[in-house]
Amino acid sequence: MKFPTARGPASRSLVNLLRGSAENQAEDFSPFLDSVTSGIAQTQSTLADEDLQLTLFILYELHYSGLAQADERWEWNPGLITARGQLESAFEQELRAAVVLPELNARTSDAVAEALFAIAAVDTGPSMSRYVAKAATVEQLQEFLIHKSIYQLKEADPHTWAIPRLTGRSKAAMVEIQADEYGGGRPERMHSALFARTMRGLGLDEDYGGYVDAVPALTLAGTNMMSMFGLNRRLRGAIVGHLAAYEMTSSQPNRLYGNGFRRHGFKEDVTGYFDEHVEADAVHEQIAGRDLAGGLFEAEPALLEDIYFGAAAALALDAMSTQRTMDAWESGTTSLLAPLSTAPLHTVKAPAHD
């Protein structure tokens, strides 16, 4: 991924560090650490802070595909890990304060699944899927894809971090779900590849990270939350709950998303990504609820609160991001940080209807 454009003191200081060599252990980290500490102290919301969320996103990217021209030895640099820990602490604290969890009285894996289905059934904001199906313009469909691309072009890597942290029934369930996400051994069927094809169909840049500079903090926060849950073993319950919530709220919305693109005349090369999730996630939601989350609870009952937390946080942050996007569209403005015309894309017209 190319280096994103800095959005404030912390991300600017981090980018400057990463452009240098990780060999220099005498590097002065105090300006970067000070900017992180100051940013956390001064922000009104870590979730919506452009500088802090971008900083966290860049730090996490060192553990994924990396950054172009950045020394790969930065990944486990103690100074960067210290800063990441500070950001994660503030981020997690705000996420926990934003959700209400059900009673922790489940006794079986089925009871855990039912509680998760109940969490997923709560409607906490406007429906993006219904709007896409009935009203979104082609330009809004492009924006919708740009927001989703931050995660979908590396789907489902953040959840995969959990595999070595699980055992038995929950591990087997996670592997079963992830195998489908990665195309069952067929690279062209990987969900990230299907999403890239959808982006091409709407004239968008399919390169991973191509639109990081275009999306707001709340969009980055959605992916950062997955990375935080997945990369911290102590939050293995949260990443399992997060995946369960994703699978439980995916099938019907993706049917509507596909219908929204078909409404403008787009064909299977564009809708294939959404159509794939209608079928796959109808099965995955049961595996995720009963075998993945329920199996983890049976193996480690103490993780129940975090399982619920991961699910509730996933839905809460998604609702916040959707509300921001819908508010922008209803006011006639872009939901991106800059108008679509300034982002890398090719002019596209909706296909003629048959």
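This text follows the structure it describes.
Here is what the cut-offs are and how they apply
Residues numbered from 1 in each chain as written. Predicted model: local features only at pLDDT ≥ 70, side-chain atom pairs only at ≥ 80, totals over all residues. Heavy atoms only, no water. Axes fitted to C-alpha atoms, helices over the stretch in contact; angles between N-to-C directions. Helix = DSSP H or I, 4+ residues; strand = E, 2+ residues; numbered from the N terminus. Parallel < 35°, antiparallel > 145°, perpendicular 65-115°, else oblique. Left-handed = near helix turned anticlockwise from the far one by under 90°. Contact = heavy atoms within 4.5 Å. Nonpolar A, V, L, I, M, F, W, Y, C, P; charged D, E, K, R; others polar. Expected span 1.5 Å × (residues − 1). Buried < 20%, exposed > 50% of the residue type's maximum accessible area, 1.4 Å probe, protein only. Phe/Tyr/Trp six-rings, centres within 6.5 Å; stacked < 30°, edge-to-face > 60°. Lys NZ or Arg CZ within 6 Å of the ring centre and 35° of its normal.

Asks: Which residues make up the packing of helix α9 (residues 168–181) against helix α14 (residues 268–299), and what are the values?
Replies: Interhelical geometry of α9 versus α14 gives an angle of 160° and a closest axis separation of 8 Å. Relative to α14, α9 is oriented roughly antiparallel. Crossing angle aside, the handedness with which α9 passes α14 is left-handed. Each of R169, S170, A173, M174, E176, I177, D180 and E181 in α9 lies in contact with α14, whose residues at this interface are H277, D281, H284, I287, A288, R290, D291, L292, G295, L296 and E298. Looking at the contact of α9 with α14 residue by residue, the class counts come to 7 nonpolar, 4 polar and 8 charged.

Asks: Describe helix α12 (residues 236–248), and please don't skip the residues or the numbers.
Replies: Helix length check: α12, at 13 residues, gives a terminal C-alpha distance of 18 Å against a target of 18 Å (1.5 Å per residue), a fit within 8%. When you tally the buried positions in α12, you get 12 out of 13 residues, the bulk of the element. Every buried residue of α12 is accounted for by R236, G237, A238, I239, V240, G241, H242, L243, A244, A245, E247 and M248. Those residues of α12 that are buried lie in contact with α5 (109–121), α8 (157–160), α9, α11 (217–231), α14 and α15 (304–330).

Asks: Which residues make up unusual backbone geometry, and what values go with them?
Replies: Cis geometry is adopted by the peptide bond preceding A156, which originates at E155 and carries an omega value of 5°. Looking at the element boundaries, A156 is found in the loop between α7 (138–152) and α8. Of note, the phi angle at Q69 is positive, near 70°, even though the residue is not glycine. On the secondary structure map, Q69 appears in the loop between α3 (50–61) and α4 (78–97).

Asks: For the packing of aromatic side chains, give the residues involved together with the corresponding values.
Replies: Scanning the model with the defined rule gives 13 aromatic pairs in all. Look at F195 and Y273: their rings are 5.1 Å apart centre to centre, the planes differ by 75°, and that puts the pair in the edge-to-face class. With F195 in helix α10 (residues 191–201) and Y273 in helix α14, this pair connects stretches of sequence that are 78 residues apart. By relative accessible area, F195 is classed as buried at 0%. A centroid spacing of 5.3 Å and a plane angle of 85° characterise the contact between Y273 and F274, whose relative ring orientation is edge-to-face. The burial state of Y273 is the same as that of F274; both residues are buried. Put simply, the rings of F144, F195, Y257, F261, F266, Y273 and F274 pair up and form one aromatic cluster. Above the plane of the ring of F3 lies R19, whose end atom (NZ or CZ) is 4.4 Å from the centre. The aromatic ring of F309 is capped on one face by R96, whose charged end is 4.1 Å from the ring centroid.

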